[in-house]
Amino acid sequence: ERTRYRHSLRLLGREMQGIIDWRGIAAKLNRWFDETMSISPVILTAPGITDEHMPQPFTPELGVTRRMENGDMFFWDELSDDDLVDPVQREWIDRRGISVTVPMMAAGEIVGLMHFGKKKKNADFTGDDVIIFRDAAATTAPVLQVLKLQAEQLEKKRLVKELDMARAIQEQLMAPSIPEIEGFRLFGTSRACLEMGGDYYDMISLDRHRVLLAVAD
């Protein structure tokens, strides 16, 4: 049965590679675990990717965090006195009915957490379940990494677009033309060090003999 589950999970991983939104990935995982293993819910928390965040999941002094940083999953029903847990964090877990939290690792670092709810009829987790949890986290981690890179690229494009708009607006504020005044030759330019700068100048002709100059930084 474990072999069948793992094969099915590999197929799910291929399907997730074509999904461009983390909500779609979460929906796929929830459906798979509910229909295949009668486990619900499955919640993903990943900084910079998902909207939902587990409160202070990586606080160094928490015993839970130390375990997860080593790649170990955490069973919330097995808390001991040594497993220090932030009260807000524990309330977040209890409110969502989470039983197990599994770190999603990439290149030895946590890229997110996968939280599993209880089995139907509160059945105990088996050794096969634990293996599937690890496989699911390992399958999902690189997919989330790709989503994170895509989100960073989109954000970079958005910033570039906004900077281009700001630069165009700034250029429109500069003197559109250089006035002519007898006895003088006027020039003006502004060259930003980076995408745009804070300098400003303008030249306004008052009459044939007077020009108003404005320079600001």
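Note: the structure precedes this text.
Residues numbered from 1 in each chain as written. Predicted model: local features only at pLDDT ≥ 70, side-chain atom pairs only at ≥ 80, totals over all residues. Heavy atoms only, no water.

Novice: For this particular structure, what's the right way to read helix α4 (residues 87–96)?
Specialist: Since there are 3.6 residues in each turn of an α-helix, residues three or four apart along the chain are aligned in direction. For α4, the complete set of buried residues consists of Q89, W92 and I93. Angularly, the buried residues of α4 cover 95 degrees about the axis, an arc narrow enough to put them on a single face. Counted as exposed and oriented over 90 degrees from the buried face of α4: P87 and R95. Of the surrounding elements, those touching the buried residues of α4 are β1 (39–45), β3 (98–106) and β4 (109–119). (Buried < 20%, exposed > 50% of the residue type's maximum accessible area, 1.4 Å probe, protein only. Helix = DSSP H or I, 4+ residues; strand = E, 2+ residues; numbered from the N terminus. Arc of directions from axis to C-beta. Contact = heavy atoms within 4.5 Å.)

Novice: Just to check I follow, could you spell out the environment of A136 for this structure?
Specialist: Here A136 is to be found in helix α5 (residues 127–173). Sequence spacing of A136 and R10 is 126 residues, and the spatial spacing of their C-alpha atoms is 8.8 Å. Not counting chain neighbours up to four residues away, the residues in contact with A136 comprise L9, F33, M114 and F116.

Novice: What's the story with the sheet that holds strand β2 (residues 74–75) in this structure? I'm lost.
Specialist: Backbone-to-backbone hydrogen bonds join strands into a sheet, with any given pair of strands oriented parallel or antiparallel. If you trace the four strands from one edge of the open sheet to the other, you get β1-β4-β3-β2, paired in antiparallel fashion. Sheet topology places β1 and β2 at the edges, where each strand pairs with a single neighbour. For β3 and β4, the ladder comprises eight bridges, and the chain directions are antiparallel. Bridging from a neighbouring strand, P103 pairs with L113 of β4. Those strands touched by helix α2 (residues 22–37) are β1 and β4, and its axis lies near 155 degrees from that of β1. Those strands touched by α5 are β1, β2, β3 and β4, and its axis lies near 45 degrees from that of β3. (Pairing = 2+ DSSP bridges. Axes fitted to C-alpha atoms, helices over the stretch in contact; angles between N-to-C directions.)

Novice: Looking at this model, I keep getting lost on the packing of α2 against α5. Mind explaining?
Specialist: For any two helices packed against each other, one specifies the crossing angle of their axes together with the interaxial distance. The contact between α2 and α5 brings their axes to 11 Å, and the two run at 165 degrees. The orientation of α2 with respect to α5, classified from their angle, is roughly antiparallel. Pair α2 / α5 crosses with right-handed handedness. Contacts between α2 and α5 involve W22, I25, L29, W32, F33 and M37 from the first element and D129, I132, F133, A136, T140, V143, L144 and L147 from the second. (Parallel < 35°, antiparallel > 145°, perpendicular 65-115°, else oblique. Left-handed = near helix turned anticlockwise from the far one by under 90°.)

Novice: Help me out: how do you make sense of the nonpolar core in this one?
Specialist: In globular proteins that are soluble, nonpolar side chains generally tend to be buried together. Among the nonpolar cores identified, the biggest contains 31 residues, and L29, F33 and F116 are the most heavily contacted of them. When residues of this core are traced back to their parent elements, those giving at least two are α1 (2–16), α2, β1, β3, β4 and α5. Leaving out residues up to four positions away in the same chain, L29 has contacts with L12, M16, V42, L44, M114 and T140. Within the second largest apolar cluster, six residues are counted, among which are I43, F74, W76 and I93. (Core = buried A, V, L, I, M, F, W, Y, C linked by side-chain atoms within 4.5 Å.)

Novice: Can you help me understand the pairing of β1 in this one?
Specialist: In regular strands, side chains alternate between the two faces of the sheet. By the criterion of burial, β1 is predominantly enclosed, with five of the seven residues buried. Both β1 and β4 contribute to a ladder of six bridges, which runs antiparallel. Within the sheet, the bridge partner assigned to V42 lies in β4 and is F116.

Novice: For this particular structure, what's the right way to read the packing of aromatic side chains?
Specialist: One pass over the full model with this rule turns up seven aromatic pairs. For the ring pair F74 and W76, a centre distance of 5.0 Å and an interplane angle of 70 degrees mean the geometry is edge-to-face. An identical accessibility class is assigned to F74 and W76; each is buried. Seen from their ring centres, F75 and F125 are 6.5 Å apart, and the 55 degrees between their planes marks the pair as tilted. A residue pair is termed long-range when its members are at least 10 positions apart, and F75 in strand β2 and F125 in the loop between β4 and α5 qualify at 50 residues. For F125, a relative accessible area of 24% translates into the label partly exposed. Feature note: the residues W32, F33, F75, F116, F125 and F133 constitute an aromatic cluster, connected by ring pairs. (Phe/Tyr/Trp six-rings, centres within 6.5 Å; stacked < 30°, edge-to-face > 60°.)

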